[in-house]
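# Architecture at a glance
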Amino acid sequence: MDSTDDIIGRVRDLQRAASPLEPDAPSRQALFEAVGAHAEDFLKRLETARAFECDPGPAAEMARRRPAEGPGALDELLRLFRVSVEDTGVKAASGGHVAYIPGGGLYTAALGDFLAAVTNEYAGVRFAGPGAVEMENLLLRWMADLVGYPAGAQGNLASGGSISNLIAMVTAREAHGLRCADVPKAVVYLTGQAHHSLEKALRIAGLGECVLHRVPTDTCQRMAPAALQEAITRDRSSGLRPWLVLAAAGSTDVGAIDPLEQIGKIAAAERLWFHIDAAYGGFFVLCPQGRERLRGLELSDSLVMDPHKSLFLPYGLGAVLIRDGATLARAHQYRADYMQDAVADSPAPDSPADLSPELSKHFRGPRLWLPLLLHGLAPFRACLEEKLLLTRYFHERVRVLGFEVGPEPELTVSTYRWVPKHGDPDAFNAALVRAIHRDGRVFVSSTRIGGHIFLRLAVLHFRTHLETIDLTLQVLAEKVAQLESAGAN
Ligand SMILES: *Cc1c(COP(=O)(O)O)cnc(C)c1O
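Source: prediction; values computed, not measured.

So, how was this worked out
Residues numbered from 1 in each chain as written. Predicted model: local features only at pLDDT ≥ 70, side-chain atom pairs only at ≥ 80, totals over all residues. Heavy atoms only, no water. Helix = DSSP H or I, 4+ residues; strand = E, 2+ residues; numbered from the N terminus. Rg over C-alpha atoms; globule rule 2.2 N^0.38 Å. Buried < 20%, exposed > 50% of the residue type's maximum accessible area, 1.4 Å probe, protein only. Contact = heavy atoms within 4.5 Å. Areas by Shrake-Rupley, 256 points an atom, 1.4 Å probe, with all protein chains shown as cover. Lys, Arg positive; Asp, Glu negative; His and termini not counted. Charge placed at Lys NZ, Arg CZ, Asp CG, Glu CD. Pairing = 2+ DSSP bridges. Axes fitted to C-alpha atoms, helices over the stretch in contact; angles between N-to-C directions. Salt bridge = Lys/Arg side-chain N within 4 Å of Asp/Glu carboxyl O. Parallel < 35°, antiparallel > 145°, perpendicular 65-115°, else oblique. Left-handed = near helix turned anticlockwise from the far one by under 90°. Nonpolar A, V, L, I, M, F, W, Y, C, P; charged D, E, K, R; others polar. Polar contact = N/O pair within 3.5 Å; in protein donor to acceptor, adjacent residues only side chain to side chain. Near = heavy atom within 4 Å.

In terms of regular secondary structure, the chain is built from 18 helices and 13 strands. On C-alpha atoms alone, the chain measures out to a radius of gyration of 25 Å, which is about the 23 Å that the 2.2 N^0.38 rule sets for 489 residues. Referenced to the eigenvectors of the C-alpha coordinate spread, the extents of the chain come out at roughly 85 × 60 × 40 Å. The buried share of the chain, reckoned over its 489 residues, is 48%. Counted over contacts in the chain with a minimum sequence separation of 6, partners at least 24 positions apart contribute 74%. Summed over its atoms, the accessible surface of the chain is roughly 23,400 Å², and 57% of this surface lies on carbon and sulfur atoms. The averaged location of the 59 negative side-chain charges in the chain is 4 Å from the averaged location of its 51 positive side-chain charges.

Rendered as structure tokens:
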């Protein structure tokens, strides 16, 4: 290819060949309607669908359909999506999902994602996307106000709680000037309830060789402040360097809230970085009962809360907040020549690229901004309070059914187990979980408390209502009766 005429001819051909990437307006309308209708069908089927499909078989069809040179048919692809993706595994969009920590899937958040993707605004740097950055910072400021952080706080909208915890650990490391040589003597205080993503974050951050000091808990699995104080004093006198305390505001396992005010006082007096993992529990500050239980959030140096848990968003949004925003920037800000036009004049960095590991990133703001501003806060507050009350209702009813129950729920996790007339309780409760999974109408999970298997009910999905809880109780009663009569024979 030597003349520019040749080049022009070739690029015209290529432009035509690439043109399917830009459907015209009527085609876009048709695509939008087809996908919208598919989503409607999904939501309609969800009302009667099982919360768990334990047969993963149909998922394999996905692996057989590789990208080809030629086009596919949308209806065929949507069918494949339905049978392989929607109809297998855990229905995260179902109110019957009362296991682990449920997510959500607000429809208006999906519309926010749609807008984010179509506009593809560059949300990493203020110069490129001033409105996008304003939106994300507005949401972070709103959260900082919710937890009582001061004006200098900053944060980041990350993909979830794990990455948010990682950002906080890196910031804490830099703020305290920990160097490699310091790591083996640096002590991290946490309880057995700490989410595993924290230990994972420490390892990724080069802090895997820190001393992990497990602080004893009370009977409700909350950190015992006196034991924390004692541990710090002992470690200091033996030449170690107490550095970081990790508290849970709603542990994943049982929903335990560590005594934040007391821990905060100790951390301040001992000059430890105080991190609160409120990935699950944080947004309960939106309702009075939760706010009361979460007193002390404002004493932390860093905090994680997940809108894709307790604000009912689809997966893909966690938030990290850092009380002293400058420490977040010091841990993450870099400069490059090819970015010189984008460098802000503002004294304090406030672009996500300066405050997180990411540069180009998903414009995560609209998936939260649209639901919050469109619906207003009142329905969110109501939904969270409904979940608190449904959990209390379940806990009481399941006890009346004859189950042994764990501690009174502080948030929305209830633990319980059946103690059978004969045989091993652990074997019985393991069988009970399996039977509920095979049934699939509701999806519960299990854990171990004091070495014994307990079932968990985690009420957090916005589609979980009184009927769901009654159905769960009914399924439990049915399965216990079946297992007891099978055991008696
Ligand atoms: C879910 C959870 C995490 C991890 O968050 P992801 O969004 O799943 O990465 C961390 N801590 C707690 C307490 C959680 O419940």
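Read from one edge to the other, the open sheet built from seven strands follows the order 3-9-8-7-6-4-5, with strand pairing classed as mixed. The sheet is open, and its two edges are formed by strand 3 (154-158) and strand 5 (211-214), each paired on a single side. Between one strand and the next, the sheet's axes are offset by a mean angle of 20°, whatever the strand orientation. Looking at chain direction, strand 6 (residues 241-248) and strand 7 (residues 273-277) are connected through five bridges and run parallel. When the bridges of strand 7 are listed, Ala 248 appears paired with Asp 277.

Next up on the list: the sheet that holds strand 13 (residues 452-458). On the basis of which strands lie adjacent, the open sheet formed by four strands has the order 10-11-13-12 and antiparallel pairing. Each having just a single partner strand, strand 10 (404-405) and strand 12 (445-449) make up the two edges of the open sheet. Bridge count for strand 10 against strand 11 (residues 413-417) is two bridges, and the pairing is antiparallel. Bridge pairing in strand 11 places Glu 404 opposite Arg 417. The sheet contacts of helix 17 (residues 425-439) involve strand 11, strand 12 and strand 13, and relative to strand 13 the element is tilted by about 35°.

Summed over the entire model, instances satisfying the criterion amount to 29 salt bridges. The salt bridge involving Arg 79 is made with Glu 61; its shortest N-O contact spans 2.6 Å. Here Arg 79, found in helix 4 (residues 74-86), pairs with Glu 61, found in helix 3 (residues 60-64); they are 18 residues apart in sequence, far enough to count as distant. Classification of Glu 61 as partly exposed rests on a relative accessible area of 23%.

Closest axis-to-axis distance for the helix 2 (residues 25-46)/helix 4 pair is 11 Å, and the angle between their directions is 25°. Judged on the interaxial angle alone, helix 4 and helix 2 are roughly parallel. Crossing angle aside, the handedness with which helix 2 passes helix 4 is right-handed. Contacts between helix 2 and helix 4 involve Leu 31, Ala 34, Val 35, His 38, Asp 41, Phe 42 and Arg 45 on the former and, on the latter, Leu 74, Leu 78, Phe 81, Arg 82 and Glu 86. For the contact of helix 2 with helix 4, a count of residues per class yields seven nonpolar, one polar and four charged.

This part covers the side chain of Ser 197. Inspection of the secondary structure puts Ser 197 in helix 8 (residues 196-204). Residue Ser 197 is classed as buried on the basis of its relative accessible area of 3%. Within the structure, the side chain of Ser 197 is placed 3.2 Å from the side chain of Asn 165, a separation counted as a polar contact. Within the structure, the side chain of Ser 197 is placed 2.8 Å from the side chain of His 195, a separation counted as a polar contact. Apart from the residues within four sequence positions on either side, Ser 197 is in contact with Ser 162 and Asn 165.

Moving on: the environment of Val 187. You can see Val 187 is positioned in strand 4 (residues 186-190). Val 187 sits in the buried class, given a relative accessible area of 0%. Distance from Val 187 to Cys 210, taken between C-alpha atoms, is 5.8 Å for residues 23 residues apart in sequence. Residues within four places of Val 187 in sequence aside, it is in contact with Val 211, His 213, Asp 235, Leu 240, Arg 241, Pro 242, Trp 243 and Leu 244.

Below, the discussion takes up the packing of helix 9 (residues 225-237) against helix 10 (residues 260-270). Think of two packed helices as two axes; the pair is described by the angle between the axes and how far apart they sit. Direction vectors running N to C along helix 9 and helix 10 enclose 20°, while the axes themselves pass 9 Å from each other. One element, helix 9, and the other, helix 10, form an angle in the roughly parallel class. Relative to helix 10, the crossing made by helix 9 is right-handed. Contacts between helix 9 and helix 10 pair Pro 225, Leu 228, Gln 229, Ile 232 and Arg 236 from the former with Gln 262, Ile 263, Ile 266 and Glu 270 from the latter. Taken together, the residues of the contact of helix 9 with helix 10 break down into five nonpolar, two polar and two charged.

Here the focus is the site of the ligand. Gly 161, Ser 162, Asp 277, His 308 and Lys 309 are the nearest of the 15 residues found near the ligand. Separating an oxygen atom of the ligand from a side-chain N or O atom of Thr 252 is a distance of 2.9 Å. Here His 308 contributes a side-chain N or O atom positioned 2.7 Å from an oxygen atom of the ligand. Burial of the ligand by the protein chains amounts to 85% of its free accessible area of 380 Å². The element best represented in the shell around the ligand is helix 7 (residues 161-175), accounting for three residues. Taken together, the residues that form the shell around the ligand break down as three nonpolar, nine polar and three charged.

That is the geometry; function is a separate question.
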